[in-house]
Amino acid sequence: MTAPSALPGPHAPASGLDGRTALVTGAAGGIGRACVLRLAADGAKVRAVDLDTAGLDVLAELARGLPGTVEPQSLDLTDLDAAELAAAGTDVLVNNAGLQTVRPIEEFPPDVFHTMLTVMLEAPFRLIRGALPHMYGQGWGRIVNVSSVHGLRASAFKSAYVAAKHGLEGLSKTAALEGAPHGVTSNCVNPAYVRTPLVEKQLADQARAHAVPEERVLSEVLLRDSAVKRLVEPEEVAEAVAYLCGPQASFVTGTSLVMDGGWTAH
């Protein structure tokens, strides 16, 4: 007897994400912006969540004419109750929002550590918690957590970021195990350094701190462990997210899609 095909499945749209509602955090720029535009291009109705209202306005203009729609939503992810409520009724959840502070552990401000783990780990938990009842009810859902190569490897001076991303990996796997009987997948995307304002700020900060050109920081620090000597583009990450949201990835769950240019091949 031939097993029934999982493509596209009884609950998945025949093509793209037409009629599906997606929520993307950290949507105003960088990876988040690219994900919003990519999912809207695939027909999704995207809730674009960020604190940067000016960036959300720009995003809304960029999305004009796409098959899907973009609904800007200003939200502070440290308001965990509001985050959970915002996720209700979503078919696709992309946890992308992130922060970065680079300090030795003994100098790392405890309040900053707390805020970073709240935004990058506890908020994703609450967003997933808010999204799952609807996903379970319809027997279909996609959770994509934008992790990092730092979810798999550590770097010095990034204790909060590394801790949050490692925690996100575990949360994603747990959601995958619990969600599988309900048609819900959960995966991480793990890029190396992406050409975003967050990384550009790191370049500038480290160049000032070490009194060297930004080009040297890029080649000798950020790209030191990467076999492919360039930054990842946000659109490349968005393509990986879109793949994991599509019916072709219905059997991909509980894993990490690594985009690190060979970093973890060492």
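Residues numbered from 1 in each chain as written. Predicted model: local features only at pLDDT ≥ 70, side-chain atom pairs only at ≥ 80, totals over all residues. Heavy atoms only, no water.

K.L.:
Can you help me understand the sheet that holds strand β7 (residues 256-259) in this one?
P.N.:
Paired through backbone hydrogen bonds, the strands of a sheet run either parallel or antiparallel to each other. Pairing is parallel in the open sheet, where 7 strands are placed in the order β3-β2-β1-β4-β5-β6-β7. The open sheet has two edge strands with one neighbour each: β3 (69-74) and β7. Between one strand axis and the next, the sheet turns by 15° as a mean value, whatever way the strands run. Along the sheet, helix α2 (residues 53-62) makes contact with β2 (45-50) and β3, crossing β3 at roughly 175°. (Pairing = 2+ DSSP bridges. Helix = DSSP H or I, 4+ residues; strand = E, 2+ residues; numbered from the N terminus. Axes fitted to C-alpha atoms, helices over the stretch in contact; angles between N-to-C directions. Contact = heavy atoms within 4.5 Å.)

K.L.:
Help me understand unusual backbone geometry in this model?
P.N.:
Generally, phi is negative for residues other than glycine and the peptide bonds are trans, each holding for most cases. Residue F157 is not a glycine yet carries a positive backbone phi of 75°. Looking at the element boundaries, F157 is found in the loop between β5 (141-146) and α5 (159-179). Residue classification places F157 among the partly exposed positions, given a relative accessible area of 48%. (Buried < 20%, exposed > 50% of the residue type's maximum accessible area, 1.4 Å probe, protein only.)

K.L.:
Would you mind going over the environment of T115 with me for this structure?
P.N.:
Relative to the helices and strands, T115 is located in helix α4 (residues 110-138). Residue T115 is classed as partly exposed on the basis of its relative accessible area of 31%. The spacing of T115 and A160 is 45 residues in sequence and 9.2 Å in space, taken between C-alpha atoms. In this view, T115 contacts T78 and L99; residues no more than four positions away in its chain are not counted.

K.L.:
Just checking my understanding: could you explain the nonpolar core for this structure?
P.N.:
One broad rule of soluble globular proteins: the nonpolar side chains tend to lie buried together. Judged by nonpolar contacts, the single largest core of 33 residues is most densely connected at V24, V36, L39, V46, V92, V94 and V189. Among the secondary structure elements, those contributing two or more residues to this core are β1 (21-25), α1 (30-41), β2, α2, β4 (92-95), β5 and α8 (234-245). What V36 contacts, discounting residues up to four positions off in sequence, is V24, A27, V46, A48, L59 and V70. In terms of nonpolar packing, the next biggest core, distinct from the first, is built from 28 residues, A83, L93, M120 and A123 among them. (Core = buried A, V, L, I, M, F, W, Y, C linked by side-chain atoms within 4.5 Å.)

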